[in-house]
Amino acid sequence: MAKKLQWKRSDKFAFGLWTVMNRGRDPFGPETRPPLSGIEAIRGLGERDVYGFEYHDNDLWPMDATPAKKRSIINEAKRAMKAAGILCTAATTNLFSHPVFKDGAFTSHDPRVRAYAVQKVMANIDVAAELGAEVYIYWGGREGAEVDIGKDPIEAMKRFRDAINFLCEYVMANGYKMVFSLEPKPNEPRSNIYLATAGHALAFIATLDHPEMVGVNPEYAHVKMAGLSPLHEYAQALEAGKLVDIHLNAQEPLRFDQDMSFAADNPKEALLVVKLLTDYGYAGTKAFDCHPYRTEAAPWDFVERNMRAYKLLEAKVEEVNADTRLCAMLEELTVADEGGWNQVLAAYTPKNADKLKVAKFNPEKLAQRTLLYEQIDLRLTELLLGAR
Ligand code: GCO
Ligand code: MN
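Worth saying up front: this structure is predicted, and the values here are computed from it rather than measured.

Here the focus is the domain arrangement of the chain. The domain boundaries assigned to the chain delineate domain 1 (9–322) and domain 2 (324–384). One C-alpha centre belongs to domain 1, the other to domain 2, and the line joining them spans 39 Å. Opposite the nine residues of domain 1 that make contact, domain 2 presents eight residues. Buried area between domain 1 and domain 2, both sides added, is near 740 Å², and the carbon and sulfur share of it is 68%. Considering only the side of domain 1, the residues that lose the most area to domain 2 are Lys 268, Lys 316 and Val 320, jointly responsible for 59% of the buried surface there. Residues Asp 377 and Lys 268 are paired through a salt bridge, measuring 2.8 Å at the closest nitrogen-oxygen approach. Across the contact surface, domain 1 and domain 2 share three residue pairs in polar contact (both at pLDDT 80 or more). Elements that contribute at least two residues to the side of domain 1 that touches domain 2 include exactly helix H10 (267–279) and helix H11 (300–322). When its residues are assigned to classes, the side of domain 1 that touches domain 2 shows five nonpolar, one polar and three charged.

Take the coordination of the manganese ion (ligand 2) next. Angles at a metal have ideal values that depend on geometry: 109.5 degrees with four tetrahedral donors, 90 or 180 degrees with six octahedral donors. On the protein side, the manganese ion (ligand 2) has Glu 183 (OE), Glu 219 (OE), His 247 (ND1) and Asp 289 (OD) as donor atoms, found 1.9 to 2.2 Å from it. Geometry at the manganese ion (ligand 2) is irregular, judged from its six donor atoms and the angles of 70 to 173° they form at the metal. The sequence pattern describing where the donors of the manganese ion (ligand 2) fall on their chain is E-x35-E-x27-H-x41-D. Of this pair, Glu 219 sits in the loop between strand E8 (214–216) and helix H8 (220–225) while Asp 289 sits in the loop between strand E10 (286–288) and H11, placing them 70 residues apart in sequence. The class for Glu 219 is buried, based on a relative accessible area of 2%.

Overall, the coordinates contain 19 aromatic pairs when judged by the stated rule. An angle of 75° between the planes, with centres 5.6 Å apart, marks the rings of Phe 106 and Phe 160 as edge-to-face. Taken as a pair, Phe 106 in the loop between strand E3 (87–92) and helix H5 (111–131) and Phe 160 in helix H6 (residues 153–173) lie far apart in primary sequence, 54 residues in all. For Phe 106, a relative accessible area of 2% gives the class buried.

On to a nonpolar patch on the surface, then. On the surface, a nonpolar cluster with roughly 430 Å² of combined accessible area is contributed by Leu 345, Leu 356, Phe 361 and Leu 366. Structurally, Leu 366 can be placed in helix H15 (residues 363–366). For Leu 366, a relative accessible area of 59% gives the class exposed.

This part covers the site of ligand 1. Surrounding ligand 1, one finds 13 residues, the nearest of these being His 56, Glu 183, Lys 185, Glu 219 and Asp 289. In this structure, an oxygen atom belonging to ligand 1 sits 3.0 Å away from a side-chain N or O atom of His 222. Coverage of ligand 1 by the protein chains reaches 92% of its 330 Å² of free accessible surface. Of the residues assigned to the shell around ligand 1, the class counts are four nonpolar, four polar and five charged.

Rules used throughout
Residues numbered from 1 in each chain as written. Chains lettered and ligands numbered in written order. Predicted model: local features only at pLDDT ≥ 70, side-chain atom pairs only at ≥ 80, totals over all residues. Heavy atoms only, no water. Domains from an automatic or database assignment. Contact = heavy atoms within 4.5 Å. Buried area = accessible area lost by both parts, 1.4 Å probe. Salt bridge = Lys/Arg side-chain N within 4 Å of Asp/Glu carboxyl O. Polar contact = N/O pair within 3.5 Å; in protein donor to acceptor, adjacent residues only side chain to side chain. Helix = DSSP H or I, 4+ residues; strand = E, 2+ residues; numbered from the N terminus. Nonpolar A, V, L, I, M, F, W, Y, C, P; charged D, E, K, R; others polar. Donors = N, O, S within 2.8 Å, 3.2 Å for Na, K, Ca; no water. Tetrahedral: all angles 85-135°; square planar, octahedral: opposite > 155°, others 65-115°. Buried < 20%, exposed > 50% of the residue type's maximum accessible area, 1.4 Å probe, protein only. Phe/Tyr/Trp six-rings, centres within 6.5 Å; stacked < 30°, edge-to-face > 60°. Patch = residues over 30% accessible without salt bridge, like charges linked within 9 Å, V, L, I, M, F, W, Y side chains within 5 Å. Areas by Shrake-Rupley, 256 points an atom, 1.4 Å probe, with all protein chains shown as cover. Near = heavy atom within 4 Å.

Now the structure itself:
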């Protein structure tokens, strides 16, 4: 393998423990792989030069673990991390598997369920801080509805907000160095999940008591499930200074949650995401949140394949950015600003408004300009396919 294409820890790749622990169960059939414990998952990822892992509380200890059992597992996880040289980069809470959460956690009708959910998060935030995680994720797995008349969506938002506000205060009161991250998803396992896209999440964050503590980690496949553009979601979050983590994978649009490996569906689209992250210096971890195909006996080919795909696309981005033909065509898209309009449009002032009010434009003439998109896209396709 070309040296440049071999991933290193400094690439900051991460995997959810649950991705390699996934045993291939789907709604139509049972597990096809033997179990892997959270500790084995940490070891296996560390041995493959993965930078970090993300975990749910119950990926590591079962929900009914005694305090002593839980403590011994956490200690073992810390030893495994040290031995394998892998970091814990993000944590999250399983608020969706147990039947107690069958109608949501933070948005449940039952105040006892909501309190239990917040308590479960607090307990894991303590562990996350101990393991060194600096990002804490909220994926509203069952925060949604099938029967909307039975669950007021406005009330649900208020409850969600109260929970996040409470937990922000908890992190601050304990002096933890940790930011929160909302992970949007449009549906599955609920018919409709609240905070369906990055746009929903960003708007919600603005209503929180501590918006500066909360960002988003859009998942590539969740965006495609909504029939939207992962590139645009990542870009909007990045531009807002809110992209604190990313979940990379692949998904055919508008289908069930396929959770395929990164770039498995649409390499050009994946390339443009890698280009965005590269060009704009995204510095967070790049976490893969997908599952090995059900036909795999072990998760390790899957782990290597995801990192390899990212490195291949990263090398391709370098090639694309350096391609003189493509650069020249992209350059032609920009228009010399002879009228000084950029400066006028950058800020409203009475002077700028006056200048704009009296300006004469010729829309017919402006409309005559053509753009080289066909050729540009062909050149990108050529580069992607290795045609010279
Ligand atoms: C999904 C989600 C989950 C979350 C995870 C962390 O299954 O659709 O992507 O994998 O990412 O629970 O929040
Ligand atoms: Mn995810």
